Structures are given as structure tokens and as C-alpha cells.
Amino acid sequence: MHSNLENDASVDAYQDIDSSAASLIHEMSFGVALVKVNDDFELISANEYFYEMFETDKDDYKKGIFSRFGNADKEMYVNYLRNQISETGSVVFEFKTVKKNSDELIYVRAQAKR
């Protein structure tokens, strides 16, 4: 389940991240994901804690980071993020979701920048 950032094929989009920063992502004791802001909000890489937090694995995000959300929620989040990032260059937001294999609610705080 542990994803190594240096070995992810799609990491080429993030060549400006040096190897020490990439290693740090995977050593953190909380969920961290690297997402490319494109049509699907593509998951580039995530640490083990990210997958454990949602009870998921990389395959659950083949169609983007919001692929587990219902269409109305997905559209709402995507539109909000796109607007905030285009207007201010960054965004901090919080949302709630359920774990994949249970009804347990989890609250997530995320931030993004251009």
C-alpha cells in the first residue's frame, strides 16, 4: 500500500519537487496526497496514512481524487476549488466523507496552491 513518490510514473508533472521533499511526504504520520489540478484532480502520489485514513488504495482514485464522491458533491468541490485557485492562487478547505468500508465519518482539512 505504501507508494514511493520517486517510482510513480506520473510524478514527471511535479519535477520541481526535490527528493528530500518527496521522502518527507512518506515519512509524515498523517495523510498526505499530491494532486495535479487538472480535469480529474489526478492523484499523483499519497503516503500510507492517506490510504489508511480512507480505507482505500491507489486504484480507488484512477478517475481522480474525488472519484469516490457522489456526482453532486464532486461537482461542488471541483467548482469551488477551481474558482478559489484561479482567483487567489490557493485554497484551504474542510469537508467530511465516509471511509470506504464503513459508515465512519472522517473530517478532512486540505489545502492547495497553484
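This is a predicted model, so every value here is computed, not measured.

**Focus on the pattern of salt bridges**
Move 1: One pass over the structure, following the stated rule, counts four salt bridges.
Move 2: When the shortest N-O distance is used, the salt bridge between Lys62 and Asp59 registers 3.7 Å.
Move 3: Of the charged contacts, one joins Lys100 and Asp60 as a salt bridge, the two residues approaching to 2.7 Å between their closest N and O atoms. Residue Lys100 is found in the loop between β3 (90-98) and β4 (105-113), and its partner Asp60 is found in the loop between α2 (48-54) and α3 (71-88); the two are separated by 40 residues along the sequence.

**Considerations on the confidence of the model for the protein chain**
Move 1: Here the protein chain averages 80 in pLDDT, while 82% of its residues score no lower than 70.
Move 2: Within the protein chain, α2 carries the highest mean pLDDT (92), whereas helix α1 (residues 19-27) carries the lowest (74).
Move 3: Counting interchain partners and residues more than four positions distant, the pLDDT-below-50 stretch residues 1-11 has 27 contacts.

**A look at α3**
The periodicity of an α-helix, 3.6 residues per turn, causes residues three or four places apart in sequence to face the same way.
Move 1: End to end, α3 covers 25 Å across 18 residues, agreeing with the expected 26 Å (1.5 Å per residue, within 8%).
Move 2: Taken as a whole, α3 has its buried residues at Tyr77, Val78, Leu81 and Ile85. One face of α3 carries all of its buried residues, which in axial projection span an arc of 95 degrees. Seen from the open side of α3, the exposed residues pointing more than 90 degrees away from its buried face are Ala72, Glu75 and Glu87.

**Section: the packing of aromatic side chains**
Move 1: The tally for this structure, following the rule as stated, stands at eleven aromatic pairs.
Move 2: Taking the centre distance of 5.7 Å and the plane angle of 15 degrees together, the rings of Phe66 and Tyr77 count as stacked. Of the two residues, Phe66 sits in the loop between α2 and α3 while Tyr77 sits in helix α3, which places them eleven residues apart along the sequence.
Move 3: On the basis of relative accessible area, Phe66 is assigned to the buried category, the value being 5%.
Move 4: Aromatic side chains Phe69 and Tyr77 sit 5.3 Å apart centroid to centroid with 75 degrees between the ring planes, which places their arrangement in the edge-to-face category.
Move 5: For Tyr77, a relative accessible area of 13% puts it in the buried group.
Move 6: Three or more aromatic residues joined by ring pairs form one cluster here, namely Phe41, Phe66, Phe69, Tyr77, Phe93 and Phe95.

**Digging into the pairing of β4**
Move 1: Bridge analysis of β3 against β4 gives nine bridges, and the strand direction is antiparallel. Across the sheet, the residue bridging to Thr97 is Ile106, located in β4.
Move 2: Counting the residues between successive antiparallel strands, the hairpin from β3 to β4 contains six residues.

What counts as what
Residues numbered from 1 in each chain as written. Predicted model: local features only at pLDDT ≥ 70, side-chain atom pairs only at ≥ 80, totals over all residues. Heavy atoms only, no water. Salt bridge = Lys/Arg side-chain N within 4 Å of Asp/Glu carboxyl O. Helix = DSSP H or I, 4+ residues; strand = E, 2+ residues; numbered from the N terminus. pLDDT = per-residue confidence, 0-100. Contact = heavy atoms within 4.5 Å. Expected span 1.5 Å × (residues − 1). Buried < 20%, exposed > 50% of the residue type's maximum accessible area, 1.4 Å probe, protein only. Arc of directions from axis to C-beta. Phe/Tyr/Trp six-rings, centres within 6.5 Å; stacked < 30°, edge-to-face > 60°. Pairing = 2+ DSSP bridges.

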